[in-house]
Amino acid sequence: MARKKIALIGAGMIGGTLAHLAAKKEMGDVVLFDIAEGMPQGKALDLSQCGPIEGFDAKITGTNDYADIAGADVVIVTAGVPRKPGMSRDDLLGINLKVMKAVGEGIKNNCPDAFVICITNPLDAMVWALREFSGLPHNKVVGMAGVLDSARFATFLAWEFDTSVKDVNAFVLGGHGDTMVPVLSYSTINGIPVADMAKIKGVSESRLDEIVDRTRKGGGEIVGLLGNGSAYYAPATSAISMAEAYLGDQKRILPCAAHLTGEYGVDGLYVGVPAVIGADGIEGVVEIELSDEEKNNLQVSIDAVKELLEACKGLDSSLA
Ligand code: LMR
């Protein structure tokens, strides 16, 4: 059987981490693309030399030529610029939209059958624009956000309840901005609802609210600490789990920015929802019952995504 091909667009910190993870897991051969000359080639050479030490067998190449991503099975897009302290993800709209145009065309011309995972911010708008520019089917283009946001939520809950993260199941709906909706009512610790666990452990509602708030602002917290860049280990790990779900036809239910056609009352937008990922890409969306308060919060988040899309259309007439 032919080895799979994983194309990584953007060879920055997330791109390099993705390449390392993909190679280490022997998911296939890795092509690291960037427009910066020498950078993807240098990173690919460095990472290749980890193979003999770590014992992985993957061909890792660096390139500045989109032709080299031809036939890729999975494309993970991190190209564009990250925010700096004091900026919101939305401040990156203009600059990263132009990048998505070039990337979308590169994908369209070279690997139109790929499963494409977008990480570039502002995520919900960039994944939508990337889909438009590439022309790929909606089920083959998805945004990485929910896995990351849910992992943050789970981490903070595990710390609070002094329990293993392996036992925490938590998830986040909505856009990948500060309006995202961490859903406590569906979060459990080994099947025990968080609200019940909070009573057992004496954790107050206001403390849970603080955890929800920290989750919402989780990306910004790391941007503030790093000073010059944004998170990369957890974003890369999140995207790799989505790629594995696709390549292995795992039918995993993962929270991710999926294209909605009526689900959650949303039509034609990419918004974070629990979605089934298998060999056909996004194979379905799971609609959960929400309380009135959760519905209202989700609507605020959806409205924020809509506003961003309008701004995108205003910036590039081909999207209108
Ligand atoms: C994240 O959530 O870590 C990313 O979206 C990067 C950012 O700017 O917050």
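Residues numbered from 1 in each chain as written. Predicted model: local features only at pLDDT ≥ 70, side-chain atom pairs only at ≥ 80, totals over all residues. Heavy atoms only, no water.

## Some words on the nonpolar core
Core analysis: the biggest nonpolar cluster contains 91 residues, and Val75, Ile107 and Ile117 have the highest contact counts within it. Top contributing element to this core by residue count: helix 5 (residues 123-134), with 8 residues. Core analysis: the next-biggest nonpolar cluster, separate from the first, contains 18 residues, Phe153, Phe161, Met197 and Val203 among them. (Core = buried A, V, L, I, M, F, W, Y, C linked by side-chain atoms within 4.5 Å. Buried < 20%, exposed > 50% of the residue type's maximum accessible area, 1.4 Å probe, protein only. Helix = DSSP H or I, 4+ residues; strand = E, 2+ residues; numbered from the N terminus.)

## Considering the pattern of salt bridges
Side chains carrying opposite charge are able to pair once their charged atoms draw close together. One pass over the structure, following the stated rule, counts 15 salt bridges. Across the salt bridge formed by Arg3 and Asp57, the nearest N and O atoms sit 3.7 Å from each other. Here Arg3 is found in the segment before strand 1 (5-9), whereas its partner Asp57 is found in the loop between helix 3 (51-54) and strand 3 (60-63), with 54 residues between them in sequence. Residue classification places Arg3 among the partly exposed positions, given a relative accessible area of 46%. Each member of the salt-bridge network shares a partner with another, and the members are Arg3, Asp29 and Asp57. (Salt bridge = Lys/Arg side-chain N within 4 Å of Asp/Glu carboxyl O.)

## A few points about the side chain of Arg131
With respect to the helices, strands and loops of the structure, Arg131 is situated in helix 5. A polar atom in the side chain of Arg131 sits 2.6 Å from the backbone oxygen of Leu136. Those residues in contact with Arg131, other than ones at most four positions away along the chain, are Leu136, Pro137, His138, Val141 and Tyr270. (Polar contact = N/O pair within 3.5 Å; in protein donor to acceptor, adjacent residues only side chain to side chain. Contact = heavy atoms within 4.5 Å.)

## Considerations on the side chain of Asn96
Within the secondary structure layout, Asn96 lies in helix 4 (residues 93-110). Beyond its immediate stretch of four places on either side in the chain, Asn96 contacts Gly80, Val81, Thr120, Asn121 and Met126.

## Some points on unusual backbone geometry
Between Asn121 and Pro122 the backbone carries a cis peptide bond, its omega angle lying at -5°. Tracing the backbone through its elements, the reader meets Pro122 in the loop between strand 5 (115-118) and helix 5. Phi is positive for Glu26, close to 50°, though the residue is something other than glycine. Residue position: Glu26 is located in the loop between helix 1 (13-24) and strand 2 (29-33). With a relative accessible area of 44%, Glu26 lands in the partly exposed category. The phi torsion at Asp249 lies on the positive side, around 45°, for a residue other than glycine. For Asp249, the location among the structural elements is in the loop between helix 10 (233-247) and strand 12 (252-261).

## Describing the pairing of strand 1
Within strand 1, 4 of the 5 residues are buried, which leaves the element mostly enclosed by the surrounding structure. Of the strand pairs in this sheet, strand 1 and strand 2 are connected by 5 bridges, and their pairing is parallel. Looking across to strand 2, one finds that Ile9 is bridged to Phe33. Once the chain exits strand 1 it traverses helix 1 before rejoining the sheet at strand 2, and the crossover so formed is right-handed. Direction of pairing for strand 1 relative to strand 4 (residues 74-77): parallel, over a ladder of 4 bridges. Bridge pairing in strand 4 links Ile6 to Val74. (Pairing = 2+ DSSP bridges. Right-handed = clockwise from strand over helix to strand, strands pointing away.)

## What about the UniProt feature "binding site: NAD(+)" (unreviewed entry) in the protein?
Within this numbering scheme, the UniProt entry marks Gly10, Ala11, Gly12, Met13, Ile14, Gly15, Asp34, Asn96, Ile119, Thr120 and Asn121 as carrying the feature "binding site: NAD(+)" (unreviewed entry). Among the structural elements, Ile14 can be located in helix 1. Taking the relative accessible area as the measure of exposure, Ile14 reaches 15% and is therefore buried. Note that Gly15 resides in helix 1. (UniProt positions renumbered as here; feature names shortened; annotations may be inferred.)

## With respect to the UniProt feature "domain: Lactate/malate dehydrogenase C-terminal" (unreviewed entry) in the protein
UniProt records the feature "domain: Lactate/malate dehydrogenase C-terminal" (unreviewed entry) for residues 148-310 in the present numbering. Along residues 148-310 the backbone is 47% helical and 23% strand, and the end-to-end C-alpha distance reaches 25 Å.

## A look at the site of the ligand
Neighbouring the ligand are Arg83, Arg89, Asn121, Leu148, Arg152, His176, Gly219, Val223, Ser230 and Ala231. Here an oxygen atom of the ligand and a side-chain polar atom of Arg83 are 2.5 Å apart. Interatomic distance of 2.7 Å between a side-chain N/O atom of Asn121 and an oxygen atom of the ligand. The protein chains hide 95% of the 260 Å² of surface that the ligand would expose on its own. At the level of secondary structure, the elements contributing two or more residues to the shell around the ligand comprise helix 6 (146-161) and helix 9 (218-226). (Near = heavy atom within 4 Å. Areas by Shrake-Rupley, 256 points an atom, 1.4 Å probe, with all protein chains shown as cover.)

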